[in-house]
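Survey of secondary and tertiary structure
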Amino acid sequence: MRNKIRAIALSALLLSTAANAAPPQGSGTAWDILADMTTEVGQRLAGSPREAAAREWGVARLKTLGFSNVHIEPFTITGFVRGAESAELTAPYPQKLHITALGYSAPTPKGGLTGELVYFPTLDALKAAPEGSLRGKIVFVDHAMRANQDGSGYGPYGSVRRQGPGIASAKGAAGIVIRSVGTDSNRDPHTGVTSWPDGVKPIPAGAVSAPDANLIARIAGTGKPMTIALVLESHAQPNLPSGNVVADLPGRDPSLPPILVACHLDSWDLGTGAIDDAAGCAIVTSAALRAQEGGKPLRTIRVLWAGSEELGGFGGEAYAKAHASEPHAVAMESDFGAGRVWRVRVNFAESNQALGERVKTVLSPLGIVAGGDLAHGGTDVEPVISAQKLAVVDLDQDGTRYFDLHHTPDDTLDKVDPAELEQNVAAWTAVLQVIANEPGPISGN
Ligand code: ZN
Ligand code: ZN
């Protein structure tokens, strides 16, 4: 019996070895870049040794794929080092909660922080609390973010995370807990960065999972006083190394300003950063390569894998500064997961309206509609776009499920649909083949 089991196990092993032998090393397909980055590097928190490993990994892969001028542009950041984290409602009903610290949360004192938990249904309700009324208390801020295709809920509801902690601290709170900025009902908290206005003292700040936030809201509805015990030992740390990875596929006419395509290399540390934003790096890199098929384009296509996006867009700012004297033509970014592209938005100067129309026309057969407001790029390209008034093309992805996974332990490779990823590469390739072959001047509004 035992020998039979061993024989079955051995044949299964041989089969899986044979199946795994097929893919070539260092492939430039989007799936292989994504799978390899999430497998061989995994989480890549800005400023951490794993982000540094990701830069080295990126340089090696981009060289293997035939890019030239492959290099790291280093900079330093104030980073964020995650420590132990836990939370427990201690009254009126003892309940353990699933919590994670927000980026740049202050650490709780030794032994943790325990206090009265004061419920606010919205950020506006917190803003309306009288100055000093929260002294020594721990604030809870709720919100009602819902899933939608264009992800537009992240702007208003994301401010609970971005601004809530600073507002709570300014009113004297000792700590803050928020409902995770997300749209799932899993027991996974969503991390993400917060910021402290000048002169405002950082306090411990965490996000609980949606089911835990529902629990807190139900108890708040009864009017019974709540207390919470928090342990959030993460802390900010200055002078950590970060950097951008930059690489070119030179065009036929090197005197023409390049097309910049960007993603961010860093990720949050709870998952492996598959949808945020290894998928973006995979899409733009694979499309830049595929745009070479059938003949080298006129213009250079430059790939920017930006560092330290999650902690405040440091990579995009560093790139714009380092390349301020170097003209660019168009900038584009992929940083909204791996869902299919459903819409294109552009921002071309009046003199480039015909080029904008050609971009829309090549996307039409892929089922992509034109519409919406002007394209604006993403965090990693916005500084160079505004400094140089660059033209922009935004390929908007379906974000209906993006905020179920965003900044959670569930941001892993298995959540990506290979066919949707491939549709992204096809759309990006079509756009690059049009704009990288445009001989005349290109600029934005
Ligand atoms: Zn991102
Ligand atoms: Zn993110």
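Residues numbered from 1 in each chain as written. Chains lettered and ligands numbered in written order. Predicted model: local features only at pLDDT ≥ 70, side-chain atom pairs only at ≥ 80, totals over all residues. Heavy atoms only, no water.

A few words on the coordination of the zinc ion (ligand 2). Coordination of the zinc ion (ligand 2) by the protein involves Asp276 (OD), Glu310 (OE), Glu310 (OE) and His407 (NE2), with metal-donor separations of 2.0 to 2.5 Å. Here the zinc ion (ligand 2) binds 4 donor atoms, and the angle range of 56 to 143 degrees at the metal identifies the geometry as irregular. Taken in chain order, the donor set of the zinc ion (ligand 2) reads D-x33-E-x96-H. The metal-metal distance between the zinc ion (ligand 2) and the zinc ion (ligand 1) is 3.3 Å, with aspartate 276 serving as a donor to both. Taken as a pair, glutamate 310 in the loop between β12 (301-306) and α9 (314-322) and histidine 407 in the loop between α12 (402-405) and α13 (418-435) lie far apart in primary sequence, 97 residues in all. (Donors = N, O, S within 2.8 Å, 3.2 Å for Na, K, Ca; no water. Tetrahedral: all angles 85-135°; square planar, octahedral: opposite > 155°, others 65-115°. Helix = DSSP H or I, 4+ residues; strand = E, 2+ residues; numbered from the N terminus.)

Right, let's talk about the domain arrangement of the chain for a bit. A common measure of how large an interface is: the accessible area buried when the components associate. Annotation of the chain at the domain level lists domain 1 (25-80 + 238-435) and domain 2 (83-233). For domain 1 and domain 2, the distance between their C-alpha centroids amounts to 32 Å. Each side of the interface is counted separately: domain 1 has 23 residues, and domain 2 has 24 residues. Taken together, the two surfaces of domain 1 and domain 2 that pack against each other cover about 1,800 Å², and 58% of this comes from carbon and sulfur. Seen at the junction of domain 1 and domain 2, the total is 0 salt bridges. For the pair domain 1 and domain 2, the interface holds 7 residue pairs in polar contact (both at pLDDT 80 or more). Those elements that place two or more of their residues in the side of domain 1 that touches domain 2 are β1 (68-81) and α12. Residues of the side of domain 1 that touches domain 2, tallied by class, amount to 10 nonpolar, 8 polar and 5 charged. (Domains from an automatic or database assignment. Contact = heavy atoms within 4.5 Å. Buried area = accessible area lost by both parts, 1.4 Å probe. Salt bridge = Lys/Arg side-chain N within 4 Å of Asp/Glu carboxyl O. Polar contact = N/O pair within 3.5 Å; in protein donor to acceptor, adjacent residues only side chain to side chain. Nonpolar A, V, L, I, M, F, W, Y, C, P; charged D, E, K, R; others polar.)

Here we come to the coordination of the zinc ion (ligand 1). Note on the zinc ion (ligand 1): its protein donors are His264 (NE2), Asp276 (OD), Asp335 (OD) and Asp335 (OD). The metal-donor distances range over 2.0 to 2.5 Å. One way to put it: the 4 donor atoms around the zinc ion (ligand 1) meet at angles of 55 to 148 degrees, and that makes the site irregular. Within one chain, the residues donating to the zinc ion (ligand 1) are spaced in sequence as H-x11-D-x58-D.

Scanning the model with the defined rule gives 8 aromatic pairs in all. For the pair tryptophan 57 and tryptophan 305, a centre-to-centre distance of 6.3 Å together with 25 degrees between the ring planes defines the contact as stacked. Note that tryptophan 57 is positioned in helix α3 (residues 49-64) and tryptophan 305 in strand β12, a separation of 248 residues in sequence. Note on accessibility: tryptophan 57 and tryptophan 305 belong to one class, buried. Judged by centre distance (4.5 Å) and plane angle (50 degrees), the ring pair of phenylalanine 336 and tyrosine 402 falls under tilted. Taken as a pair, phenylalanine 336 in the loop between β13 (330-333) and β14 (341-347) and tyrosine 402 in helix α12 lie far apart in primary sequence, 66 residues in all. Phenylalanine 336 sits in the buried class, given a relative accessible area of 19%. (Phe/Tyr/Trp six-rings, centres within 6.5 Å; stacked < 30°, edge-to-face > 60°. Buried < 20%, exposed > 50% of the residue type's maximum accessible area, 1.4 Å probe, protein only.)

Right, let's get into helix α5 (residues 154-162). For α5, the complete set of buried residues consists of Tyr154, Gly158, Ser159, Val160 and Arg161. Tucked inside the fold, the buried residues of α5 contact α4 (123-128), β6 (138-141), α6 (164-170), β7 (175-179) and α12.

On to the sheet that holds β7. In spatial order, the strands read β3-β2-β9-β5-β6-β7-β8-β4; together these 8 strands make up an open sheet with mixed pairing. Pairing within the sheet leaves two strands with one partner each, and these edge strands are β3 (95-97) and β4 (99-101). Going from strand to strand, the sheet's axes swing by 30 degrees on average, the running direction of each strand aside. In this structure, strand β2 (residues 85-91) lies alongside strand β9 (residues 226-232), joined through 6 bridges in antiparallel fashion. Each residue of the ladder has a partner; that of alanine 87, found in β9, is leucine 230. Of the strands in this sheet, β2, β3, β5 (113-120), β6, β7, β8 (205-208) and β9 touch helix α7 (residues 210-222), which is tilted by about 135 degrees from β3. (Pairing = 2+ DSSP bridges. Axes fitted to C-alpha atoms, helices over the stretch in contact; angles between N-to-C directions.)

Relative to each other, helix α10 (residues 353-363) and α13 sit at 150 degrees, their axes nearing to 9 Å. Compared by their axis directions, α10 and α13 come out roughly antiparallel. Crossing hand, α10 versus α13: right-handed. Packed against α10, whose contacting residues are Leu355, Arg358, Val359, Val362 and Leu363, the element α13 presents Ala427, Ala430, Val431, Val434 and Ile435 at the interface. When grouped by side-chain class, the residues that make up the contact of α10 with α13 number 9 nonpolar, no polar and 1 charged. (Parallel < 35°, antiparallel > 145°, perpendicular 65-115°, else oblique. Left-handed = near helix turned anticlockwise from the far one by under 90°.)

Before going further, it helps to spend a moment on the side chain of aspartate 248. For aspartate 248, the location among the structural elements is in strand β10 (residues 235-249). By relative accessible area, aspartate 248 is classed as buried at 9%. For aspartate 248, the side chain forms a polar contact with the side chain of arginine 302, separated by 2.8 Å. The contact partners of aspartate 248, leaving out residues within four places of it in the chain, are Phe67, Ser68, Asn69, Thr300, Ile301 and Arg302.

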